[in-house]
Amino acid sequence: QVQQNVERLFTRFVEEGKATVRLREPAVDLCLSKANVVNLKTFLSAVRLAHQGNDTGVLPLSPLVPAKNSDVEKPKTKMIITSRRDYPLTKSFPFSLEHLQTSYCKLARIDSRVLCLKKLRKLDLSHNHIKQLPATLGDLVCLQELDLHDNHLEAFSGALCSSGLQKSLQLLDLSQNQIQALPLEFCQLRGLVQLRLDDNALLRLPCRIGQLSRLRCLSAARNKLPFLPSDFRNLSLDNLDLFGNPFEQPNPLVPNIQLKIPLTLLECAARATVNHRIPYGCQLLPSHLCRDLEVAKTCRCGSACLSSFIQITVTMNLHHVAHTVVLVDNMGGTDAPVLCYFCSLHCYSQFLDRHLQSN
């Protein structure tokens, strides 16, 4: 279908026997090359007339001659650029690309032309100078692998975690950046299988990291993690690397007590909402309350607590969550401190009794 379906004709190199016809539906580029210049101009003229709705009987069409296999160029699906001088400044990226690597190009931001490549499955932007990620990166709904290794990122946008990447993204490499924390929405990337966070400045991991049920490989070596979130226990990994973090020495006998007695009405309502799985949303509650409910702590007894709790750190052997564990320190240890919460003094005292008896 050509009528009213041609978005644009690219004829800059028509004298070299090259041209491109961009269609609207399907959204593809028809790239012509090695063509006879006269025949090519005649063909483009016919395309223009057909697009305008002219009758096929008046179109300047010549008899079709089957093209040789050697004359037909297959759509390009992979492009690798590893130096700034090879980076295309005037030419467009082929819309058929599924794998694009642009490393060592000193890019300060992601090229807007890249964000139009809707078929991309693998995007490698490692070893550049990128400081910020555009929200439109989430429009690449087929993207399975995103490599941002060795850039200047200070954050990973929550908007990206709520985009089409939720279902498609399987591998994310954010290593060697300057990220201190990941957003609450990060754990909405439920399709993640591999996550690399090495050599950042992370002070904590997402509190709901256990929701990443498909995650199998996690590396967060050489960060600034003092402990792991309580939800870390829910992971089921094949490989785990947390080497080089300044983990604190766990001490269950020194609790951080944030209890509010008697409980506030807000705390009672929040606990009831979570414990009884009462539906809620921003159309029913203020957005800040919804965010608080999303990160409610879970007591050892199974009950929820919001802002009234007792917090301690306990030792967890990382082999409980991973088959293969890189040593946490140079002493050969595989233990790490993990946060633990209690909803009341009663729950904490019960834990403390068991802990003292076991020791």
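Values in this document were obtained by computation on a predicted structure and should not be read as measured data.

**What about the domain arrangement of the chain?**
Okay, so step 1: Segmentation of the chain into domains returns domain 1 (6–52), domain 2 (78–224) and domain 3 (256–321 + 335–358).
Okay, so step 2: Its C-alpha centre places domain 1 at a distance of 35 Å from the equivalent point of domain 2.

**What about the sheet that holds strand β15 (residues 310–317)?**
Okay, so step 1: Spatially, the three strands line up as an open sheet ordered β12-β15-β17, and their pairing is antiparallel. The outermost strands of the open sheet, each flanked by one partner alone, are β12 (256–257) and β17 (335–342).
Okay, so step 2: Relative to β15, β12 runs antiparallel, the two sharing two bridges. When the bridges of β15 are listed, N256 appears paired with Q311.
Okay, so step 3: Strands in contact with helix α6 (residues 345–358) are β15 and β17; relative to β15, the strand with the most contacts, it is inclined by about 30°.

**Points about the pattern of salt bridges**
Okay, so step 1: For the structure shown, the criterion picks out eight salt bridges.
Okay, so step 2: Linking K122 and E145 is a salt bridge whose minimum nitrogen-to-oxygen distance equals 3.9 Å. Of the two residues, K122 is situated in strand β6 (residues 122–124) and E145 in strand β7 (residues 145–147); the sequence distance between them amounts to 23 residues.
Okay, so step 3: On the basis of relative accessible area, K122 is assigned to the partly exposed category, the value being 33%.
Okay, so step 4: For E145, a relative accessible area of 30% corresponds to the partly exposed category.
Okay, so step 5: Ionic pairing is found between E267 and R271, a salt bridge with its closest N-O pair at 2.8 Å.

**Focus on the sheet that holds strand β2 (residues 19–23)**
Note: strands within a sheet are paired through backbone hydrogen bonds, in either parallel or antiparallel orientation.
Okay, so step 1: Spatial strand order, β1-β2-β3: three strands in an open sheet with antiparallel pairing. Two strands in the sheet have a free side with no partner beyond their single neighbour: β1 (6–10) and β3 (29–32). Each strand axis lies, on average, 10° off the axis of its neighbour in the sheet, ignoring direction.
Okay, so step 2: Where β1 lies against β2, four bridges are found, and the strand directions are antiparallel. Paired with L9 across the strands is V21, a residue of β2.
Okay, so step 3: Packed on one face of the sheet, helix α1 (residues 37–51) meets β1, β2 and β3 and runs near 160° to β1.

**Section: the pairing of strand β11 (residues 237–241)**
Okay, so step 1: Inspection of the sheet shows strand β10 (residues 217–219) paired to β11 by three bridges, in the parallel sense. Residue L218 lies in a different strand from β11, and its bridge partner there is L240.
Okay, so step 2: Here β11 runs beside strand β16 (residues 322–326); their pairing, made up of four bridges, is parallel. Bridge pairing links L237 to A322 in β16.

**A few points about α1**
Quick reminder: α-helices carry 3.6 residues per turn. Residues three or four places apart thus point the same way.
Okay, so step 1: The end-to-end C-alpha separation of α1 is 21 Å, in line with the 21 Å expected for 15 residues at 1.5 Å each.
Okay, so step 2: Among all positions of α1, only L40, L44, A46, V47, A50 and H51 are buried. The buried residues of α1 occupy an angular sector of 160° when the element is viewed end-on, so they sit on one face.
Okay, so step 3: Packed against the buried residues of α1 are β1, β2 and β3.
Okay, so step 4: G53 occupies a position one or two residues after α1 and carries a positive phi of about 95°.

**Some thoughts on the side chain of T334**
Okay, so step 1: With respect to the helices, strands and loops of the structure, T334 is situated in the loop between β16 and β17.
Okay, so step 2: Here the side chain of T334 touches N317 through a polar contact of 3.5 Å, side chain to side chain.
Okay, so step 3: Once residues within four sequence positions are removed from consideration, T334 is found in contact with M316, N317, L318, H319, V325, L327 and V328.

**Some words on the environment of P246**
Okay, so step 1: Topologically, P246 is positioned in the loop between β11 and β12.
Okay, so step 2: The class for P246 is partly exposed, based on a relative accessible area of 49%.
Okay, so step 3: Sequence separation of P246 and D198 is 48 residues, and the distance between their C-alpha atoms is 14 Å.
Okay, so step 4: Sequence-distant contacts of P246, defined by excluding residues within four places in its chain, comprise N223, K224, L225 and P226.

**Examining the environment of L97**
Okay, so step 1: Its place among the elements puts L97 in the loop between β4 (78–81) and β5 (99–102).
Okay, so step 2: Note: C-alpha distance between L97 and K118 (21 residues apart in sequence) is 8.5 Å.
Okay, so step 3: Leave out the neighbours within four places in its chain, and L97 touches K76, T77, K78, M79, L117, K119 and L120.

**Observations regarding helix α5 (residues 287–294)**
Okay, so step 1: Every buried residue belonging to α5 is among L289, C290 and L293, and all of these are buried. Seen from one end, α5 has its buried residues packed into an arc of 105°, which puts them on one side.
Okay, so step 2: Buried residues along α5 sit in contact with α4 (265–275).

**Notes on unusual backbone geometry**
Okay, so step 1: Residues E25 and P26 are joined by a peptide bond in cis, for which omega reads 0°.
Okay, so step 2: Tracing the chain through its elements places P26 in the loop between β2 and β3.
Okay, so step 3: Within the chain, H127 stands out as a residue other than glycine whose phi angle is a positive 60°.
Okay, so step 4: By relative accessible area, which is 22% here, H127 ends up partly exposed.
Okay, so step 5: A positive phi is found at D199, a non-glycine position, where the angle reads about 55°.
Okay, so step 6: One can find D199 in the loop between β9 (194–196) and β10.

Definitions and cut-offs
- Residues numbered from 1 in each chain as written.
- Predicted model: local features only at pLDDT ≥ 70, side-chain atom pairs only at ≥ 80, totals over all residues.
- Heavy atoms only, no water.
- Domains from an automatic or database assignment.
- Pairing = 2+ DSSP bridges.
- Helix = DSSP H or I, 4+ residues; strand = E, 2+ residues; numbered from the N terminus.
- Contact = heavy atoms within 4.5 Å.
- Axes fitted to C-alpha atoms, helices over the stretch in contact; angles between N-to-C directions.
- Salt bridge = Lys/Arg side-chain N within 4 Å of Asp/Glu carboxyl O.
- Buried < 20%, exposed > 50% of the residue type's maximum accessible area, 1.4 Å probe, protein only.
- Expected span 1.5 Å × (residues − 1).
- Arc of directions from axis to C-beta.
- Polar contact = N/O pair within 3.5 Å; in protein donor to acceptor, adjacent residues only side chain to side chain.

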